[in-house]
Amino acid sequence: MDPRKIQLPREIYTGPGVIEDTGRICRDLRFEGRAMVVTGPRTLQIAGEAAIESLQAEGFEVDQVTVDDATMASVRNVQDGLDGVSVVLGVGGGKVIDVAKMSATLEGLHFISVPTAASHDGIASPRASIRNGEGTASLEASSPIGVIADTEIISRAPFRLLASGCADIISNYTAIMDWKLAHRLLNERYSESAAALSLMTAKMIIKSADAIKEGLEESARLAVKSLISSGIAISIAGSSRPASGSEHKFSHALDMIAPKPALHGEQCGVGTIMMMHLHGGDWQFIRDALARINAPTTAAELGIDPEYIIEALTMAHTIRKERYTILGDRGLTREAAERLAKITEVI
Ligand SMILES: NC(=O)C1=CN([C@@H]2O[C@H](COP(=O)(O)OP(=O)(O)OC[C@H]3O[C@@H](n4cnc5c(N)ncnc54)[C@H](OP(=O)(O)O)[C@@H]3O)[C@@H](O)[C@H]2O)C=CC1
Ligand SMILES: O=C(CO)COP(=O)(O)O
Ligand SMILES: [Zn+2]
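Here the structure is a predicted model, which is why all the values come from computation and not from measurement. (Residues numbered from 1 in each chain as written. Chains lettered and ligands numbered in written order. Predicted model: local features only at pLDDT ≥ 70, side-chain atom pairs only at ≥ 80, totals over all residues.)

## Things to note about the overall build of the protein chain
Part 1: A count of helical and extended segments in the protein chain gives 15 helices and 8 strands.
Part 2: Considering only contacts in the protein chain between residues 6 or more positions apart, those separated by 24 or more positions represent 78%. (Helix = DSSP H or I, 4+ residues; strand = E, 2+ residues; numbered from the N terminus. Contact = placed C-beta atoms within 7 Å.)

Structure representation (structure tokens):
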């Protein structure tokens, strides 16, 4: 990654029904010929078909691939179908967007992000979180050239996804604390502007917590804009540092060991409560903010057995060792992990 380069999306469309303009937007961006639409099994019907119809109405030939996990195998599967394609669209949740973004990047193609849920801040970011044997790698990717966020579709998504996206933003609090720590201890490159944008976005979402309601287009719009803003902080930093620290390591560890992990943002939110306690900060403030948004604050609400919470806490430091956080190089002992989860009432 060239530290002198900041890549940002060129055109961002948000609003009810914008999916109907997918074809026209692609034309205006000077794409033509074949387009690839990547979706998940559910999001094909929810939004993929509407995007395909709109592209076909503008004369595009359209190929479609369904993916169900964010792995390099899925990325390669999409890449295999990209011969002769002019633009790749990822229509779905965070996993679909990451796979589509990564496959487009590897083939040197432009990518358009079409989120169907406000569940993660990868909507506009130049990174792709891809699962591997050691957890989840944050890979450098091209920024989407465009974002088409249909807030009508997003507001009809299960409320849990929206609350999860807000929790993913609230986790910026501890991500920034970890980043500052690594800057002070290890002289890691730190961007004041990226950190300020990331933190301001988290503060704003908490301030607006009471406006985050199920089924409201305005709530979807508010969350989408905040998620884009958090993604832009990632762009400015050139890494996911402003939005991913020890709380994300905890979530990635849960994804590896829990028999049925919860949503990404939900896990990160609960991680933020505990990592805030480790930082000596106001963890009750984080817990109360999550509760106001109706995001989980306990293991029971995540639907994860306390045993996995403790195990994830003890192994979180082993994920992305190069990213220094409050977990240090040695992590937590089992006793310390159990005490932390109990003190913060997570278990
Ligand atoms: N690159 C980056 O910078 C970032 C990446 N991430 C990554 O994003 C992922 C998390 O994203 P998230 O969206 O929570 O998880 P998923 O992509 O797994 O989506 C969760 C579920 O929601 C479904 N879904 C999506 N939209 C709708 C809708 N409108 N109605 C009903 N169901 C819907 C999906 O359907 P289907 O089964 O069809 O897919 C899926 O089953 C993680 O892998 C995380 O690491 C997170 C933050 C930043
Ligand atoms: O989830 C992220 C920001 O919310 C970034 O993902 P990583 O933890 O994979 O870097
Ligand atoms: Zn995240």
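## Focus on helix 3 (residues 72–79)
Part 1: Residues of helix 3 that are buried: Ser74, Val75, Val78 and Gln79. Along helix 3, the residues classed as buried sweep out an arc of 140° about the axis, all on the same side.
Part 2: At its buried positions, helix 3 is contacted by strand 2 (34–39), strand 3 (61–66), helix 4 (94–106) and strand 6 (127–132). (Buried ≥ 20, exposed ≤ 12 C-beta atoms within 10 Å, placed from the backbone. Arc of directions from axis to C-beta.)

## Details of the environment of Ser244
Part 1: Topologically, Ser244 is positioned in the loop between helix 9 (217–237) and helix 10 (246–257).
Part 2: Once you skip the residues sitting within four places of it in the chain, Ser244 turns out to touch Ser138 and Ala175.

## With respect to the UniProt feature "binding site: glycerol" (unreviewed entry) in the protein chain
Part 1: The feature "binding site: glycerol" (unreviewed entry), as given by UniProt, occupies Asp121, Asp168, His248 and His264 in the numbering adopted here. The annotated residues occupy 144 residues of the chain but converge on a single region, no pair of C-alpha atoms lying more than 12.6 Å apart.
Part 2: Its location among the elements puts Asp121 in the loop between strand 5 (110–115) and strand 6.
Part 3: By C-beta crowding, Asp121 is classed as buried, having 31 other C-beta atoms within 10 Å.
Part 4: Here Asp121 is in contact with Asp168, Ile169, Leu227, Ser230, Gly231 and Ala243, once residues within four sequence places are set aside.
Part 5: By the secondary structure assignment, His264 is in helix 11 (residues 264–278).
Part 6: The class of His264 is buried, set by 28 C-beta atoms lying within 10 Å. (UniProt positions renumbered as here; feature names shortened; annotations may be inferred.)

## Some details on the site of ligand 2
Part 1: If you check the shell around ligand 2, you find Asp121, Ser129, Thr136, Ser138, Asp168, Ser240, Ala243, Ser244 and His248 and nothing else.
Part 2: Along the lines of polarity and charge, the residues of the shell around ligand 2 split into 1 nonpolar, 6 polar and 2 charged.
Part 3: For the shell around ligand 2, the two domains that each supply at least three residues are domain 1 (11–156) and domain 2 (159–343). (Near = placed C-beta within 6 Å. Nonpolar A, V, L, I, M, F, W, Y, C, P; charged D, E, K, R; others polar. Domains from an automatic or database assignment.)

## Remarks on the pairing of strand 8 (residues 146–150)
Part 1: Most of strand 8 sits inside the fold, with 5 of its 5 residues counted as buried.
Part 2: Where strand 1 (residues 11–15) meets strand 8, 5 bridges bridge the pair, whose relative direction is parallel. Within strand 8, the residue paired with Thr14 across the bridge is Ala149.
Part 3: Pairing analysis gives 2 bridges linking strand 5 to strand 8, with the strands arranged parallel. In the strand pairing of strand 8, Ser113 is matched with Val147. (Pairing = 2+ DSSP bridges.)

## With respect to the packing of helix 10 against helix 11
Part 1: Axis separation between helix 10 and helix 11 bottoms out at 8 Å; the angle between their running directions is 130°. As far as their axial angle goes, helix 11 and helix 10 are oblique. Helix 10 and helix 11 meet at a crossing whose hand is right-handed. Residue-level contacts link Ser246, Glu247, His248, Phe250, Ser251 and Leu254 of helix 10 to His264, Gln267, Cys268, Gly271, Thr272 and Met275 of helix 11.
Part 2: When grouped by side-chain class, the residues that make up the contact of helix 10 with helix 11 number 4 nonpolar, 7 polar and 1 charged. (Axes fitted to C-alpha atoms, helices over the stretch in contact; angles between N-to-C directions. Parallel < 35°, antiparallel > 145°, perpendicular 65-115°, else oblique. Left-handed = near helix turned anticlockwise from the far one by under 90°.)

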